[in-house]
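Structural overview
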Amino acid sequence: MATQGRGRDAQLAFGETLMVIMVLVFLIGIGMVFYYSASRSSLNTELQHREDVQAVLLAQRVLSMPEVACDRYAGGSCIDSLKLAALARMLGPGAGHDAAAWTTYYGRFAEAAITVRYLTGAQAGQRLPLYDATPKDPGNFTAQQQFIFTTIYDPVADEQDLAYLNVTRYARRQTG
Amino acid sequence: MTRKGQLGIQFHWVFTLIGGILFLLFFFVLIRSVLHSDQARTTRELSFDVGTIIAKAPLSPDTFSVADVPDATYRFACEQDAQGGVTYSYVRIDNQSYEDTGLRDIAVFSPATVRGDQLFTATATWQAPFPIASMVLLSNNRTRYVLVGLPQVTKRFVDQGNLGGFNILYVGPGGVSSVTDEGFDRYRFIYFGGYTAPPSAFLTARNSALVVHQDPDGETGTLDFHDSLAPGAPSPPGVPYAGEAMLAAAAFTDSYAAFRCNMAKAEGSLATAKKILLDRLKAILALYDAGNSAHVPDGRCQADYLRGKALIEAYPSPGEESAYNAYVQQGNLRELEDIDSRLVTRGCPRLY
C-alpha cells in the first residue's frame, strides 16, 4: 500500500513538473512571438525610412547631374534645357535611343520613372519624360514618389524656367 | 528504498538534467539570435549611413563637409576586370563586407583605409571644360596631406578645389626635410615640381607620394604615382591629367590602381556628356539654320559656332583614352572654352 502511495506521489510530482515546464515554454513562446513581431515591425519602419531617403537622394541626384548642368556662365547650379532634352532623347524609346547610355543610367537609377514638367516659359505645361524603367510586375514593388521644384535654363532664349521633377522610385518588396 | 524507487529517483534526475540542458540551449540560442540581430542591425545602419554620406556628397558640389560616424576602420576598394570595367566598388567597415551597388557608379577618391570617427568629404566636378562627372574626395583628420611647392601654386590648388578643411600642411620647395612625424595614420606628399625624398621616418609602405608636372596652363600635365614610400617600391609611369578635379582626385587616392578604377567610373560619363553636348549643339545650330531671327544669334556668333561645332565633332570615340588624352594635350578643349567665353561676352547662346 505504502509503495503504491509513493508511486502516485511520484507521478503527481512528475506531472506537476511537466505542467510547470509547459507553462514556462508557452510563456516564452508568447514572448518570442511578441519580440519577433516587434522586431519585424521595427525593421519594416527602418526599410521604409531607407527607401524614402533613397527616393529623395535619387531626385536630388537628377538635379545635380553634371552632364545636364548649366555651364559656369549661366549663374551656378541649374539644368540646361537643351542638355535635358538631349538626355531624354538618348534614354527614350524613340529614334535617338542610346543603348549604352540606357545601361549606364539604369545602373544609377534602377527601377524608377523621372518626368520633368515645365511650369513657366515657352514650354509651360509640357511634360518631358526623362527616364522610364517602371517594373513590369509592379505588384512586387513599393513606390515612393517625390516632387522637386527647380529652375531650368533655356540657353537660346537666355531665360530661367520654373519646373518640377516627378521622381518615382520602385523598391522590390521585402519577402519573409 | 526499493529498487523501483531508486530507479524512479534516477529517472527524475535524468529528466531534470535533460530538461535543464534543453532549457539552457534554448536561452543560448535566443540570446545568440538577439545579439546577432542587434549586430546585423548596427552594421546595416552604419553601412546605410556611410552609403548616404557618399551618395549625397555629389549633391553639393564644391562644398566641404564633415560627417560624424562610429569609430571604425573604413576600407575603400574598387576593382576592375581585364577590360577595364569596374567589377566591385565597396566600403568595408571593420572588415564587414557590404553590397556594392550604391558605390558602383560614384567615383570616390580616398585613401585605401580611413580610421576614426569622422569622414571628411568634398566634391569636385570634372570639367574638360564642360561638366562631365562628380568626383567625391574623402579622407579624415588622421591622414595628412603635405603639399610641397611654391605657395601660390599649392594655395591655388587648395582654394580652387575648396580643400582647406582637409588636414593639409604647406611646405616650400626645399622644405620637405623639415617635416616631422606628428603621429598621423598616414602621410601623402604631393609635389608640385620635382621630387625630393622626405625624411627617412616617412619612407614606409603606409605613406605615399604624388608628383605633379603641370603644363604652363596649370590645368593639364602629368602625374607620377608613388603608392608606397618604402625603399625599392615600384612606381608606374607618368599619367596625363586634365583639369583641377582630376588632379585633386589623384591627390586623394593613395594608389594608382584605385585612381584608375574610380576614373573609369567618371570616364563612363564622358561618352554621355559628349553625346549630350553634340545633341545640344545640333539643336542650337538647327535653330540657327532655320533662320528664326527671334532665337538666332547674330552674325558675330556664326564663325565661333561653326568652329565650335567642328571641334566638338573632332572628339575621339569613347573609350579611346590615349586619343582623348592627346586631344586634351593638343589644346582643342582650351580653344573650345575660349570660343564659349567669346560667345558669352557677345550675348550668344553657349556651346556647353
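Note that the structure is a prediction, hence the values are computed from the model and not measured. (Residues numbered from 1 in each chain as written. Chains lettered and ligands numbered in written order. Predicted model: local features only at pLDDT ≥ 70, side-chain atom pairs only at ≥ 80, totals over all residues. Heavy atoms only, no water.)

1. Looking at the confidence of the model for chain A
For clarity, the cut-off: Looking at any residue, its pLDDT shows the predictor's confidence there, from 0 to 100. Under the scheme used here, helices are H or I runs from DSSP no shorter than 4 residues and strands are E runs no shorter than 2 residues, and both carry numbers assigned from the N terminus.
Per-chain confidence: chain A averages 85 in pLDDT, with 91% of residues scoring 70 or above. Helix α1 (residues 2-63) of chain A is the least confidently modelled element of chain A, averaging 82 in pLDDT, while strand β3 (residues 127-132) of chain A averages 96, the highest of any element.

2. Quick notes on the packing of helix α2 (residues 151-161) of chain B against helix α3 (residues 244-252) of chain B
All names here are of chain B. Put simply, the rule reads: To define axes, lines are fitted to C-alpha atoms, for helices over the stretch in contact only, and angles between the resulting N-to-C directions are given on a 0 to 180 degree scale. Convention used here: angles under 35 degrees read as roughly parallel, angles over 145 as roughly antiparallel, angles from 65 to 115 as roughly perpendicular, and any remaining angle as oblique. Throughout, a residue-residue contact means that at least one pair of heavy atoms, one from each residue, lies within 4.5 Å. When residue character is reported, Ala, Val, Leu, Ile, Met, Phe, Trp, Tyr, Cys and Pro are called nonpolar, Asp, Glu, Lys and Arg charged, and the others, Gly included, polar.
At a closest axis distance of 10 Å, the pairing of α2 and α3 adopts a crossing angle of 100°. With respect to their mutual orientation, α2 and α3 come out roughly perpendicular. Residues Arg156, Phe157 and Gln160 of α2 pack against Glu244, Leu247, Ala248 and Ala251 of α3. Looking at the contact of α2 with α3 residue by residue, the classes come out as 4 nonpolar, 1 polar and 2 charged.

3. Re the sheet that holds strand β2 (residues 112-118) of chain A
Residue and element names in this part refer to chain A. Selection criterion: DSSP bridges decide pairing: two strands pair if at least two such bridges lie between them.
One open sheet accounts for 5 strands, arranged β1-β4-β5-β2-β3; its pairing is mixed. A strand with exactly one partner marks an edge of an open sheet, and here the two such strands are β1 (79-80) and β3. Sheet analysis places β2 next to strand β5 (residues 159-172), joined by 7 bridges and oriented antiparallel. Its bridge partner being in β5, Thr115 is matched across the sheet by Asn166. Strands β1, β2, β3 and β4 (141-154) of the sheet are contacted by helix α2 (residues 81-91), whose axis makes an angle of about 50° with β3. In the packing of helix α3 (residues 99-109) onto the sheet, contacts are made with β2 and β3, and the angle to β3 comes to roughly 85°.

4. Regarding the nonpolar core
Defined as follows: We call a set of buried Ala, Val, Leu, Ile, Met, Phe, Trp, Tyr and Cys residues a nonpolar core when their side-chain atoms join them within 4.5 Å. Here's how the labels work: a residue is buried when its accessible area is under 20% of the maximum for its type, exposed when over 50%, partly exposed in between, all with a 1.4 Å probe on protein chains only. Residue ranges for the domains originate in an automatic or database domain assignment.
Phe109, Phe157, Leu163, Leu223, Phe259 and Tyr305 of chain B are the most contacted members of the largest nonpolar core, which has 56 residues in total. Per-element tally for this core: the top contributor is helix α4 (residues 256-289) of chain B, with 10 residues. Two domains each donate at least three residues to this core, and these are domain 1 (46-267) and domain 2 (270-345) of chain B. Discounting residues that sit within four places of it in the chain, Phe157 of chain B has contacts with Leu147, Leu163, Phe192, Glu244, Leu247, Ala248 and Ala251 of chain B. One finds Leu58, Met65, Val68 and Leu87 of chain A within the second-largest nonpolar core, a separate group that totals 29 residues.

5. Overview of the packing of aromatic side chains
Geometry of an aromatic ring pair is reported as the spacing of the ring centres plus the angle between the planes. Residue and element names in this part refer to chain B. Going by this rule: In this analysis, rings of Phe, Tyr and Trp, with Trp reduced to its six-membered ring, are considered paired at centre separations within 6.5 Å, and the interplanar angle assigns stacked below 30 degrees, edge-to-face beyond 60, and tilted for intermediate values.
Scanning the entire structure with this criterion turns up 22 aromatic pairs over all chains. Centroid distance Phe64 to Phe166: 5.0 Å. Interplanar angle 80°. Geometry classified as edge-to-face. Taken as a pair, Phe64 in strand β1 (residues 64-80) and Phe166 in the loop between α2 and β7 (168-171) lie far apart in primary sequence, 102 residues in all. Residue Phe166 is classed as buried on the basis of its relative accessible area, which comes to 4%.

6. Things to note about the pairing of strand β9 (residues 208-214) of chain B
Residue and element names in this part refer to chain B. Most of β9 sits out of view: 5 of its 7 residues are buried. Pairing between strand β8 (residues 186-192) and β9: 5 bridges, direction parallel. The partner of Tyr191 across the bridge, within β9, is Val211. Counting the residues in the hairpin turn of β9 and strand β10 (residues 220-226) gives 5 residues, including Gly218, whose phi is positive at 80°.

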